Each structure stands twice: as C-alpha cells, then as structure tokens.
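Here is what each chain is made of, one letter per residue.
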Amino acid sequence: MNIIRKWRTLRILKHYPIPFDIWLEVTKNLPLIQARPVSERARIRLLATLFIHKKTFTGAAGLKVTPEMAVTVAAQACVAILHLGLNSYDGWIEVILYPGAFQIKRDVTDENGVVHSQTRGLSGESWSRGPVIFSWQDIKHDSQQPYRGHNVVIHEFAHKLDMLSGRANGMPPLHPDMSLQEWTETLTAAWQGLLRDLAAHKHTYLDPYAATNPAEFFAVLSEYFFTTPEALKQHNAHLFEQLQAYYRQSPPDLEAFHNKHYA
Ligand SMILES: [Zn+2]
C-alpha cells in the first residue's frame, strides 16, 4: 500500500468508524459475525468501515437505506474477504437495495433462436463490473437464520469474487499455493454428481439451484461453507478443503453456535 493510500485508510478508520452502538445493535443479530472470536469481529468492523466508505448504497423502489442496513450488508460481505483483503471487491462501487424481491425484465433466447422477454422476481443479483442488487427482506431473513446453507449476501459477493477472473464461471483467481487442476477436478466432479443425482430424482444435500451452472455452484457452495461448514465437510471433505484454501479460513459452525447459545 502506498503512503498516501495508507494515510487515507488510517484517517477513515480513525475519524469515521462505524459507531460502536450501531455496530453492536446490528451484529448481535448476525450469527455470521457473532460466532467469530473478538479479534476477528474487530477486524471485520474495520473492513466494514472501509467497505462503507468505498461503496455507495442506493435504495430502490422507495427504500431508504439506513446505516443499520449498510452495516448488515458490509459486515457480512467482509466475512467472506476477511483473509482475502478488501481489494477483492475492487472494480465496482454500487450496492442497491430493494425493499423486497425485485423484478428484472430481460430478453432470453430460446433453442429456436426466438427472443422472449422474461420477468423474474429475484432476491439478489451481481453484475460484472456493475452493482450488487439485493432484496432487503431476503437479506434480513437469511442474515438472522443463516445456519442452513442460505445467505444471499455471501451468495452475491461470492459472484463478485468469481468475476475477478473476468467472468463468473465458478473459478475465482486462485492463490499461488493452490492447484488449478485440483480445484477444477474437485468442483467439476461434485457438480456433475449433483446433476446426476437430480436427474435420478435423488434427494441432494446441496440446494438444487447449485446445479444451474458452475458460477451458481460456487456461490451456493460459499453459502454452505460460511453457514454450515461442518456439514459441508462431512458431505465432501475435498470440496470443503478447496473452499478453505481459497477463502483462507475455517469458519465457525453457525448451527453449533446457535445450539450452544440459543437452544
Ligand atoms: Zn447466483
């Protein structure tokens, strides 16, 4: 980091940190943060402070974005990059929040080459080099009960990390100590296994949405990795190890945390 950038970063952290009362009020309801040790929570707060300064938050369809909403998004986004660095979210600036599921109208070309206009309700979407868009209702739901493999914030930011390699294809830029071949073979085998199980109408451990394409597979896997890592490890230890090597961390198990503190 050059001197001016370092000075600016320190200035933001010193003069404009997320107010402690807002931070505590928001994160006490976020198992993704609460299950972490104190030292990590402090680091996530610093990263979230910088995240909020680097990004813009826009409310859509009449939603007014509050500081609490911005902290809810930023804190969980920073869990994913805790050991990757905030630069992993460079190249785009806008986070857009809708009050609920939002409609996106787009043209889809069918197998006969005919273009249809399609409208779908979405809970989140990441655009390459563009905004990340969320339904606030879905963020709230997933953030407070995320221990079953669902967290829309993790999902959309996993797409952002994936897109760092140029396009979303289920392969974010790997670290020098990782094997490209191992990553590809492990994820491809698991994805194809999921496709086979679905074709055979078998019950699948992973959400069938993960079968959509390799990009969705990586995003859904990331949700399991951060919310229910123990179960993911038992389901497929190789897959878990690849995600652990990429994210450079072993997340706490949120289900175990919940049972210990709230059950
Ligand atoms: Zn997705």
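Quantities reported herein were computed from a predicted structural model and do not represent experimental measurements.

Calculation notes
- Residues numbered from 1 in each chain as written.
- Predicted model: local features only at pLDDT ≥ 70, side-chain atom pairs only at ≥ 80, totals over all residues.
- Heavy atoms only, no water.
- Helix = DSSP H or I, 4+ residues; strand = E, 2+ residues; numbered from the N terminus.
- Rg over C-alpha atoms; globule rule 2.2 N^0.38 Å.
- Buried < 20%, exposed > 50% of the residue type's maximum accessible area, 1.4 Å probe, protein only.
- Contact = heavy atoms within 4.5 Å.
- Areas by Shrake-Rupley, 256 points an atom, 1.4 Å probe, with all protein chains shown as cover.
- Donors = N, O, S within 2.8 Å, 3.2 Å for Na, K, Ca; no water.
- Salt bridge = Lys/Arg side-chain N within 4 Å of Asp/Glu carboxyl O.
- Core = buried A, V, L, I, M, F, W, Y, C linked by side-chain atoms within 4.5 Å.
- Pairing = 2+ DSSP bridges.
- Arc of directions from axis to C-beta.
- Axes fitted to C-alpha atoms, helices over the stretch in contact; angles between N-to-C directions.
- Parallel < 35°, antiparallel > 145°, perpendicular 65-115°, else oblique.
- Nonpolar A, V, L, I, M, F, W, Y, C, P; charged D, E, K, R; others polar.
- Polar contact = N/O pair within 3.5 Å; in protein donor to acceptor, adjacent residues only side chain to side chain.

Visitor: Teacher, can you tell me more about the overall build of the protein here?
Guide: Each helix and strand counted, the protein has 12 helices and 6 strands in total. Since a compact globule built from 263 residues should have a radius of gyration of about 18 Å, the 19 Å found for the protein is in line with a globular shape. With the C-alpha coordinates of the protein rotated into their principal frame, the extents come out at 55 × 45 × 40 Å. Looking at the protein residue by residue over its 263 residues, the buried ones come to 46%. For the protein, the proportion of contacts with a sequence separation of at least 24, taken over those separated by at least 6, is 65%. For the protein, the accessible area works out to roughly 13,700 Å², and carbon and sulfur atoms hold 54% of it.

Visitor: Honestly, the coordination of the zinc ion in this entry has me stumped. Any pointers?
Guide: Angles between donor atoms at a metal ideally measure 109.5 degrees for a four-coordinate tetrahedral arrangement and either 90 or 180 degrees for a six-coordinate octahedral one. Taken together, His155 (NE2), His159 (NE2), Glu216 (OE) and Glu216 (OE) make up the full set of protein donors to the zinc ion, lying 2.1 to 2.7 Å away. Read in sequence order, the donor residues for the zinc ion give the motif H-x3-H-x56-E. Of this pair, His159 sits in helix α7 (residues 152-162) while Glu216 sits in helix α9 (residues 214-227), placing them 57 residues apart in sequence.

Visitor: I would appreciate a short explanation of the pattern of salt bridges in the present structure.
Guide: Pairing is possible between side chains of opposite charge, provided their charged atoms come close. For the structure on display, the rule yields 6 salt bridges. The salt bridge partner of Glu40 is Arg36, with a shortest N-O separation of 2.9 Å. The class for Arg36 is buried, based on a relative accessible area of 3%.

Visitor: When you look at the nonpolar core in this model, what are you seeing that I'm missing?
Guide: Burial of nonpolar side chains together is a common tendency in soluble globular proteins. If you look at the biggest cluster of nonpolar residues, it comprises 69 residues, and the most contacted ones within it are Phe51, Tyr89, Leu97, Phe134, Phe157, Phe217 and Tyr247. Of all the elements, helix α5 (residues 67-80) adds the most residues to this core, at 10 residues. Each residue touching Phe217, except ones within four places of it in the same chain, is listed here: Leu187, Ala190, Trp191, Leu194, Leu206, Ala210 and Leu239.

Visitor: It is not clear to me how the pairing of strand β6 (residues 132-135) should be interpreted in this structure. Could you clarify?
Guide: Along any regular strand the residues' side chains alternate between the sheet's two faces. Residue alternation in β6 divides its side chains into two sets, Val132 and Phe134 and Ile133 and Ser135, and both sets are buried. Two elements, strand β2 (residues 94-98) and β6, share 4 bridges in a ladder whose sense is parallel. Its bridge partner being in β6, Ile96 is matched across the sheet by Ile133. Relative to β6, strand β5 (residues 124-126) is paired through 3 bridges, and the arrangement is antiparallel.

Visitor: Looking at this structure, how should I read helix α11 (residues 237-247)?
Guide: Because an α-helix completes one turn every 3.6 residues, residues spaced three or four positions apart along the sequence face the same direction. Among all positions in α11, only Leu239, Phe240, Gln242, Leu243, Tyr246 and Tyr247 are buried. The buried residues of α11 all sit within an arc of 160° when viewed along its axis, so they share a single face. One or two residues past the end of α11 sits Arg248, with phi positive at roughly 55°.

Visitor: Would you mind showing me how to read the sheet that holds β6 here?
Guide: Two strands in a sheet stick together by hydrogen bonds in their backbones, pointing the same way (parallel) or opposite ways (antiparallel). Read from one edge to the other, the open sheet built from 4 strands follows the order β1-β2-β6-β5, with strand pairing classed as mixed. Taken across any chain shown, the strands that pair with only one partner, and hence form the sheet edges, are β1 (56-59) and β5. Here the average twist between neighbouring strands, direction ignored, is 15°. The pairing of β1 with β2 spans 4 bridges and is classified as parallel. Paired with Thr56 across the strands is Glu94, a residue of β2. Where α5 meets the sheet, it contacts β1, β2 and β6, and its direction lies at approximately 120° from that of β2.

Visitor: Looking at this structure, I do not really get the packing of helix α8 (residues 180-199) against α9. What am I missing?
Guide: Packed helices, taken two at a time, are described by their axes: the angle between them and the distance between them. Two elements in contact, α8 and α9, have axes separated by 11 Å at closest approach and are oriented at 95°. Overall, the two elements α8 and α9 adopt an arrangement that is roughly perpendicular. Contact with α8, carried on its side by Trp183, Leu187, Ala190, Trp191 and Leu194, involves Pro214, Phe217, Phe218 and Leu221 of α9 and no other residues of that element. Here the residues of the contact of α8 with α9 are counted per class, giving 9 nonpolar, no polar and no charged.

Visitor: In this structure, what is going on with the environment of Ser165? I would like to understand it.
Guide: Mapped onto the elements of the fold, Ser165 is located in the loop between α7 and α8. When its relative accessible area of 40% is taken as the criterion, Ser165 is described as partly exposed. When sequence neighbours within four positions are dropped, the list of residues in contact with Ser165 reads Met171, Pro172 and Pro173. One polar contact links the side chain of Ser165 to the main-chain carbonyl oxygen of Met171, over a distance of 2.9 Å.

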